[in-house]
Structure formats: structure tokens, C-alpha cells
Amino acid sequence: MMIDSLTGVLLVPAIAAALLAALPGYRLTARLNVLAALLTFATALSLFFVTPESGPYLLVDDLNKVFIVLTTFVGFTTSVFSASYIDHEIEIGRLTPAFVRFYHAMYQALMFAMNLALVANNIGLMWVAIELATLTTVLMVGIYRTHEALEAAWKYFILGSVGIALALFGTILIYMAARPVLGEGLSAMVWTVLVTRAAQFDPALLNVAFVFLLLGYGTKVGLAPLHAWLPDAHAEGPTPISAVLSGLLLNVALYALLRFKMLLALNPAAIAPGPLMVMLGLVSCVFAALMLYRRRDIKRMFAYSSIEHMGIIVFAFGMGGPLANFAGLLHMTMHSLTRSAIFFAVGHVAQVKGTQKIADMGGLTVTHPVLGWGLVLGVVAIAGLPPLGIFMSEFLVVSSTFARSPILALVLVFGLLIAFGALLLRLNSIAFGEPRGGSAPVAASYAPLFAHLALVFAAGIYLPPQLVLWFQHVSRVLG
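Residues numbered from 1 in each chain as written. Predicted model: local features only at pLDDT ≥ 70, side-chain atom pairs only at ≥ 80, totals over all residues. Heavy atoms only, no water.

> Would you mind showing me how to read the overall build of the chain here?
The number of helices and strands found in the chain is 19 helices and zero strands. A compact globule built from 479 residues would reach a C-alpha radius of gyration of about 23 Å, and the chain, at 21 Å, matches this within 12%. Dimensions along the principal axes, computed over C-alpha positions, put the chain at roughly 65 × 55 × 45 Å. Across the 479 residues in the chain, those meeting the buried criterion constitute 61%. (Helix = DSSP H or I, 4+ residues; strand = E, 2+ residues; numbered from the N terminus. Rg over C-alpha atoms; globule rule 2.2 N^0.38 Å. Buried < 20%, exposed > 50% of the residue type's maximum accessible area, 1.4 Å probe, protein only.)

As C-alpha cells, this is what we get:
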């Protein structure tokens, strides 16, 4: 049972990817894709009840359980949304069956790569998994084969490759720091071994390694000024992939960064990683908030909103301490649920209006009330209004920062208020402005959208004590 729980989150998507690559027909593969994602989520849930033993390659601990369950849940709901979304794209001729021949196989390959990165006990294997996820999403971003989509895919590939190369160099430096203490071979790359001897590693090598890791994985997180690939990838790729990018893949890169942050924290002579993360987090938050005012494409706007919120999360983990780490974990969870819900709404809105331009989407609550009010609820949630889950996490981040560094708290609040104003300004135009644009019939699937919003609203009103205790425990593990 323990082996099944750990290997299931890897074997199910891996087998599903191979099977889906061999099967023809969109509708059959769409159903199998949803089934595979559901089985993976069910297997991930079992990890809360049975914790497998760690090996030299795979690991399940208190930290990655949170990430694994969140990833598989959003992966499942996104597969449900993707089935109706891509089907409509085929019906209107924007995509051809030849272009989507391997779409579902690549989706499951992406899920496999993200899950592998989360359960990898070997830092080299984790790097390989994140690189695989990058290559898979590059192919999916360019699936429309338009000039803009191919340009976005190439930009993502080039910048992502630069980032992952920097992360590889940082990983090699970690190995070089561990080799004099642990000897050559596998043990010098196994996370559970590294943490037991990290205090004896060469601090100079650790310092340089973390700088490269922060820049490398920070590129994948989408932190400014390393974010240039993210808005284009969101705007030009299919909306289900935008939901996976913002809701999941950014978290996977952040998870890798947190692992190395914990490693440095165990060496008293190494630099403190927190201030570097705080700086990049604040820059990302304020920069993205200001850029929200200049966006005319709805998917680009929410891409910059993702950059802002990832900045908040990185800032919280950079501040460290039980309360800030708790707030970072809560914000990461609420952001993944809310952001993917917003992209579910945005995807169908773009289909019914036939455009992604904000100026052509006025009066959505009048022309399409269900989609319009669903988008309103999503934007209200991501803007951090009470009593929603993101308000709670942002309040905890700000209050814990005020107690330790009021100046940093003021800068953070400034970024939050700027972003809040921009989102409400755009929401007013899209939802309540003069009705504009066309109205194409779309067989939309609203279940994933409102399931995510219900969870976000429920978390803002009442967090189960068991979940609070779990997050508190994990926040202490982070240090």
C-alpha cells in the first residue's frame, strides 16, 4: 500500500501519457485524461493517511504532501475544464485534430513531470523533472501554430532554458559543497542525506549556489525581472495551460527553491537566503501591480497578477518564521485555486466573445450572467477582499511583517493597494460596462470554476482546525 501510494502519483500519469499518445479521437482521449487525473488525485490523497518510506530517489514528507495534493487536485479540475474548452476550439476550426493529436498525452506527461519534481529525493532528479515540465509546456503553449503562439513558445523555451541552466549550475555547486563531506556518488545529491550534514558544507560554495538557484528557479517562478516569458505564454497558449502554469508549475519551481533555502538555513556560516527572497518578492509585487494598469489583453493582465502573487508568496517565505511561513503556504494554496478558477472563467469568456481584448468584453454580467458573475467572484477573491482565503493570507503576511520590519510592510501594502485598484478598474469595465462584443454559443463546463471558488470562500470563512494544525506544522519545518 505504501509503495502504491508513492508510485501511483507517478505511474498513473506516466502510463496514461503513453496510452493517450497511441489512441486516436479527441473525445475518447479527453475522457481518459479526466479519469487519469482523478485517479492521480485520489492516490495523492492517500498520502495523508499512509506515509511511504523515503528512498534515494523518491521522498514523501510533510512539506511536499501539501504541494502534491494541491497539484493533483488542480490538475484534475483543469482536465475537466480542458475537455470542453479544447472541444470548442476544434469545432470553430481554431484547432485541428492533427494539432491536438498528442495534447492529452502531453498533459499527462506534464502532470508526471510536476509530480516527479515534488517527490524527488535526489536534487538532480528534481532538476530533470522541472526541465521535462518546461519542455512539455513549451510544446503546449505553441499548439495554435500562429506566429504569436510560436514566438511565445520560443521565448518561453529560450528564457526557461537559461533559467534551468542556471539552476543546473547551482545544483552542481551544491554537489561540490557536499562531496568533501559525503564523498562522491549518489549520497551527495540525496536531500535527506544533505540536510543531516549541511552544517559541515563549505559556506562559500553554498552562497554562490543559492544565488544561481534563486535566479534559475526564480525564472520559472516568474519573479521580476526574470518574468518576460510568462505574459506571452499565458496570452498565446490555450487557457487550460495558462491555468496549469499559474496554478501549478510556478509552485513546483517555488518548492525547489524552498528546499535549497532550508539547506542554507542549516549552515550557520552561509548567507541568510531570506533577504534575497524578500527583495525579489517585493520587486515582483510592486512591478506587476503597476503593470496591471497597462494591460489590454485579459490573459496578459491575469498573468501579471500571477507575478504579483508569486512575489507575495516568495516574500512571505523570505521573511520566514512560523507565522510568515504559514501565511505563505495558505496564500500559495488559495492563489492556485483562485487563479485557475479565473482562467476557467476567462477561457470561456474569450470563447463566447471571440476575443481576449478587455475593451471588447463589456457588460459580461448582462450578456452572460453565469460567466460574468463567476469572473467577478474570482477577481474579488484574487484582489484579497474579506472574508476570502487570500485576504486572510495577505493579512497574516502584512501583520507578521509589520511586527518585524514596518518599512517592508508599507512597501508590500503599497503594492497590494496598487494591484487592488487595477483589478477593480478592469473588472468594472468587463463585468458592468456597456455590453460589447459578439456572443458565440459555447458548451461551457462551470463545475471546475465554481468548485474552486467555493473552496476559496469556505477557506476564508472557516479553516478546519486539522488544516490549520497541518499548515502550522509544515511552517515550522520550513524554519
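Let us keep going from here.
> Explain a nonpolar patch on the surface here, please?
A surface patch of nonpolar side chains, about 610 Å² in accessible area, is lined by Leu135, Leu150, Trp154, Phe157, Ile158, Leu159 and Val162. Here the element with the most residues in the nonpolar patch is helix H6 (residues 147-182); it accounts for six residues. Along the chain, Leu159 turns up in helix H6. (Patch = residues over 30% accessible without salt bridge, like charges linked within 9 Å, V, L, I, M, F, W, Y side chains within 5 Å. Areas by Shrake-Rupley, 256 points an atom, 1.4 Å probe, with all protein chains shown as cover. Salt bridge = Lys/Arg side-chain N within 4 Å of Asp/Glu carboxyl O.)

> Sorry, what's going on with the packing of aromatic side chains here?
Given two aromatic rings, their pairing is described by the distance between the two centres and the angle made by the two planes. One pass over the structure, following the stated rule, counts twelve aromatic pairs. Summarising the aromatic geometry, the rings of Trp373 and Phe432 are spaced 5.6 Å apart at their centres and angled 65° between planes, so their arrangement reads as edge-to-face. Taken as a pair, Trp373 in helix H15 (residues 369-382) and Phe432 in helix H17 (residues 406-432) lie far apart in primary sequence, 59 residues in all. Exposure remark for Trp373: the relative accessible area of 46% places this residue in the partly exposed category. The rings of Phe81, Tyr85 and Phe344 are connected pair by pair, giving a single aromatic cluster. (Phe/Tyr/Trp six-rings, centres within 6.5 Å; stacked < 30°, edge-to-face > 60°.)

> Help me understand helix H2 (residues 26-45) in this model?
Three or four residues apart is the spacing at which side chains of an α-helix point the same way, because the helix has 3.6 residues per turn. Given a rise of 1.5 Å per residue, 20 residues ought to cover 28 Å, and the 29 Å separating the end C-alpha atoms of H2 matches this to within 8%. Within H2, the full set of buried residues consists of Tyr26, Thr29, Ala30, Asn33, Val34, Ala36, Ala37, Thr40, Phe41, Thr43 and Ala44. (Expected span 1.5 Å × (residues − 1).)

> Help me out: how do you make sense of the nonpolar core in this one?
Soluble globular proteins tend to pack their nonpolar side chains together in the buried interior. Ranked by size, the top nonpolar core spans 167 residues in total, and within it Tyr217, Phe302 and Leu375 carry the most contacts. Apart from the residues within four sequence positions on either side, Phe302 is in contact with Arg339, Ile342, Phe343, Val346, Leu375, Val379 and Leu423. (Core = buried A, V, L, I, M, F, W, Y, C linked by side-chain atoms within 4.5 Å. Contact = heavy atoms within 4.5 Å.)

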